[in-house]
Amino acid sequence: MFPQRSSRWFGPAWPTGPDRPQSAAALLGSRRRLLLARATRQEVLGLYRRIFRLVRKWQAASGQMEDTIKEKQYILNEARTLFQKNKNLTDTELIKQCIDECTARIEIGLHYQIPYPRPIHLPPMGLTPLRGRGLRSQEKLRKLSKPVYLKSHDEIS
C-alpha cells in the first residue's frame, strides 16, 4: 500500500563535503570580507604614505637642522618598526586599533610639533577602584587608562 522508501529520502538534505555548493549568503560573506580586507589594506597603505609625506615636510620645533634630522629618523624608524611588527595581523578589530593608534600619533605629533609619544603621568595608587586599593587592581586600571596613542610604545621600547 505504501510506496517503497528509497534511501535518498533519508539522506542529508544538502550534499556535504567538497561537493556542497556554497550558498549565496556564504558567497556574499566572503566577498564582504574581501572588500573589507581591501579597504583596510588601502587605509593602512594610505597611512604609511601619509607618514612618509609627513617626514619629508617635518621641521623640528627648535628649528635646528640636527634636531630635524633626528626627529625625521625617529619617525621613519618608529613607523617601519610598528608596520613590520603588525604586518601579519588578521583580526579586523586589532587592525582597526592599530589604525586608530597611528592616526592619533600623527595628529598629536602635528599638533604639538613633537614626534615622540606624550607620556602620561599618574601618581602611584592614584586610580582608586570601588573596592580596596590592591596592587593588581591598580595595574589593571593603569592598563585600561592608557591612551590609544601609547598602546604599542611600551611594547617596542
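Residues numbered from 1 in each chain as written. Predicted model: local features only at pLDDT ≥ 70, side-chain atom pairs only at ≥ 80, totals over all residues. Heavy atoms only, no water.

Description of the state of the cysteines
Put plainly, two cysteines are in a disulfide when a covalent bond ties their sulfur atoms together.
Okay, so step 1: What the rule picks out here adds up to zero disulfides.
Okay, so step 2: Its sulfur unpaired, Cys-98 is 9.1 Å from the next cysteine sulfur, which belongs to Cys-102. (Disulfide = S-S within 2.5 Å.)

Things to note about the pattern of salt bridges
Okay, so step 1: Evaluation of the coordinates by the stated rule reveals four salt bridges.
Okay, so step 2: One salt bridge connects Glu-107 with Arg-50, and the closest N-O pair in it is separated by 2.5 Å. Here Arg-50 lies in helix 1 (residues 24-57) and Glu-107 lies in helix 3 (residues 92-112), a separation of 57 residues in the sequence.
Okay, so step 3: Given the relative accessible area of 40%, Glu-107 is considered partly exposed.
Okay, so step 4: The residue Glu-78 makes a salt bridge to Arg-105 at a minimum N-O spacing of 3.0 Å. In this pair, Glu-78 is assigned in helix 2 (residues 65-85) and Arg-105 in helix 3, connecting sequence segments 27 residues apart. Side by side, Glu-78 and Arg-105 carry an identical accessibility label, which is buried.
Okay, so step 5: One network of salt bridges, with partners in common, ties together Glu-78, Glu-101 and Arg-105. (Salt bridge = Lys/Arg side-chain N within 4 Å of Asp/Glu carboxyl O. Helix = DSSP H or I, 4+ residues; strand = E, 2+ residues; numbered from the N terminus. Buried < 20%, exposed > 50% of the residue type's maximum accessible area, 1.4 Å probe, protein only.)

Considerations on unusual backbone geometry
A negative phi holds for most residues other than glycine; trans holds for most peptide bonds.
Okay, so step 1: Notably, Gln-113 is not glycine yet its phi reads approximately 60°, a positive angle.
Okay, so step 2: Topologically, Gln-113 is positioned in the loop between helix 3 and helix 4 (135-145).

Some details on the environment of Leu-89
Okay, so step 1: When you line up the elements, Leu-89 lands in the loop between helix 2 and helix 3.
Okay, so step 2: For Leu-89, a relative accessible area of 28% puts it in the partly exposed group.

Side note on helix 3
Okay, so step 1: With 21 residues, helix 3 extends 30 Å from end C-alpha to end C-alpha; this agrees with the ideal 30 Å at 1.5 Å per step.
Okay, so step 2: Those residues of helix 3 that sit buried are Ile-95, Ile-99, Glu-101, Cys-102, Ala-104, Arg-105, Ile-106, Ile-108 and Gly-109.
Okay, so step 3: One or two steps after helix 3, the chain reaches Gln-113, where phi turns positive at roughly 60°. (Expected span 1.5 Å × (residues − 1).)

What about the nonpolar core?
Okay, so step 1: Among the nonpolar cores identified, the biggest contains 12 residues, and these are Leu-47, Ile-51, Leu-54, Val-55, Trp-58, Ile-75, Leu-76, Ala-79, Ile-95, Ile-99, Cys-102 and Ile-106.
Okay, so step 2: Contributing elements (two or more residues each) for this core: helix 1, helix 2 and helix 3.
Okay, so step 3: Here Ala-79 is in contact with Tyr-48 and Ile-51, once residues within four sequence places are set aside. (Core = buried A, V, L, I, M, F, W, Y, C linked by side-chain atoms within 4.5 Å. Contact = heavy atoms within 4.5 Å.)

Here we look at the confidence of the model for the protein
Okay, so step 1: Scored by pLDDT, the protein has a mean of 76; 53% of the residues are at 70 or more.
Okay, so step 2: For the protein, per-element mean pLDDT is lowest for helix 5 (residues 153-156), which scores 58, and highest for helix 2, which scores 94. (pLDDT = per-residue confidence, 0-100.)

Some thoughts on the environment of Ile-114
Okay, so step 1: Mapped onto the elements of the fold, Ile-114 is located in the loop between helix 3 and helix 4.
Okay, so step 2: According to the relative accessible area criterion, Ile-114 is partly exposed, its value standing at 31%.
Okay, so step 3: In sequence terms Ile-114 and Trp-58 are 56 residues apart; their C-alpha atoms lie 9.8 Å from each other.
Okay, so step 4: In this view, Ile-114 contacts Trp-58 and Gly-109; residues no more than four positions away in its chain are not counted.

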